[in-house]
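Okay, here's what each chain looks like letter by letter:
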Amino acid sequence: ITINDTIIGFFMLEKIDKEHPYYIDYFAIFEQYQNKGYGTQAIKKLLNNIVGNQGLVIEIEKEEEDNPLTIKRANFYKNLGFKKVDVEYLLYNVLYTPYIYGEKSSLDKDEINKIMFDYYTINCGEEAVKKNCKLI
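Residues numbered from 1 in each chain as written. Predicted model: local features only at pLDDT ≥ 70, side-chain atom pairs only at ≥ 80, totals over all residues. Heavy atoms only, no water.

(A) Geometry of the confidence of the model for the protein. Mean pLDDT over the protein works out to 94, with 100% of the residues at or above the 70 mark. The spread of mean pLDDT over the elements of the protein runs between strand 9 (residues 133-135), the lowest at 92, and strand 2 (residues 6-7), the highest at 98. (pLDDT = per-residue confidence, 0-100. Helix = DSSP H or I, 4+ residues; strand = E, 2+ residues; numbered from the N terminus.)

(B) Main features of unusual backbone geometry. In this model, N4 sits at a positive phi of 50°, which is unusual for a non-glycine residue. Examined against the element boundaries, N4 turns out to sit in the loop between strand 1 (2-3) and strand 2. Given a relative accessible area of 72%, N4 falls into the exposed group. Non-glycine residue N93 carries a positive phi angle of around 70°. Summarising the element assignment, N93 is placed in the loop between strand 7 (89-91) and strand 8 (94-101). By relative accessible area, which is 72% here, N93 ends up exposed. (Buried < 20%, exposed > 50% of the residue type's maximum accessible area, 1.4 Å probe, protein only.)

(C) Region of the structure containing a negative patch on the surface. Where like charges cluster on the molecular surface, the negative patch consists of E61, E64, E65 and D66. Positionally, E64 belongs in the loop between strand 5 (56-61) and helix 2 (68-79). Residue class for E64 comes out partly exposed when judged on its relative accessible area of 33%. (Patch = residues over 30% accessible without salt bridge, like charges linked within 9 Å, V, L, I, M, F, W, Y side chains within 5 Å. Areas by Shrake-Rupley, 256 points an atom, 1.4 Å probe, with all protein chains shown as cover. Salt bridge = Lys/Arg side-chain N within 4 Å of Asp/Glu carboxyl O. Lys, Arg positive; Asp, Glu negative; His and termini not counted. Charge placed at Lys NZ, Arg CZ, Asp CG, Glu CD.)

(D) Up close: the nonpolar core. Counting 17 residues, the largest nonpolar core has I24, F27, I43, L56, I58 and F82 as its most contacted members. Elements with a minimum of two residues in this core: strand 4 (22-29), helix 1 (38-51), strand 5 and helix 2. Looking at which element gives the most residues to this core, the answer is helix 1, with five residues. Setting aside residues up to four positions removed in sequence, L56 forms contacts with L13, P21, Y22, Y23, I24, L46, L47, V51, F82, Y99, I100 and Y101. In terms of nonpolar packing, the next biggest core, distinct from the first, is built from 16 residues, V87, M116, Y119 and Y120 among them. (Core = buried A, V, L, I, M, F, W, Y, C linked by side-chain atoms within 4.5 Å. Contact = heavy atoms within 4.5 Å.)

(E) The pattern of salt bridges, seen in detail. Following the criterion strictly, the structure yields six salt bridges and no others. Residue K84 is joined to E63 by a salt bridge in which the shortest nitrogen-to-oxygen separation is 3.5 Å. Of this pair, K84 sits in strand 6 (residues 83-84) while E63 is found in the loop between strand 5 and helix 2, placing the two residues 21 residues apart along the sequence. Its relative accessible area of 46% is what places K84 among the partly exposed residues. A salt bridge links D86 to K109, with the nearest nitrogen and oxygen atoms 3.6 Å apart. Of this pair, D86 sits in the loop between strand 6 and strand 7 while K109 is found in helix 3 (residues 109-124), placing the two residues 23 residues apart along the sequence. Among the residues examined, K109 registers a relative accessible area of 41% and is labelled partly exposed. Connected through shared salt-bridge partners, E63, K78 and K84 make up one network.

Below you can see the structure in the form of C-alpha cells.
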C-alpha cells in the first residue's frame, strides 16, 4: 500500500481456487499512517478492484473488553460491511473470530469452517493444523 511512492502498509491476500473466497492472512498500516483513513481506502480498493463478488474472509483476534484494540479492529471491518461469523478458532493459543464480506457472507458455519481450515492447512500444513488449531 503506497502513497506518493512511500510504502505505508501491506496485506497478504490469498486465493485457493474459484470455489473459495479470497483470504487476507495479514493486513497492516504502519503506525504513523494509522487513523487517517488509509486502511479504509486500501480495503475498499481491494474489495472493488480485486475481490468483486468472489468474497473475502479474514480472522481477527476475538473482541475483548479489556483490549480496546480488538474492539477497534472489529468495528473497522464491520463498518466496511464485513459480517462476523459466530464461531471462534484457537490458533497457536490465540482466539480468533472470522469475518466475511460479499455474497459468500450467507455461507453457514460449517462452510466457513471448511474454508478457514483449508487456508490454515495450505499455510501451515496438515500436521500443524491438527496440533495447533481448534474450533471453539
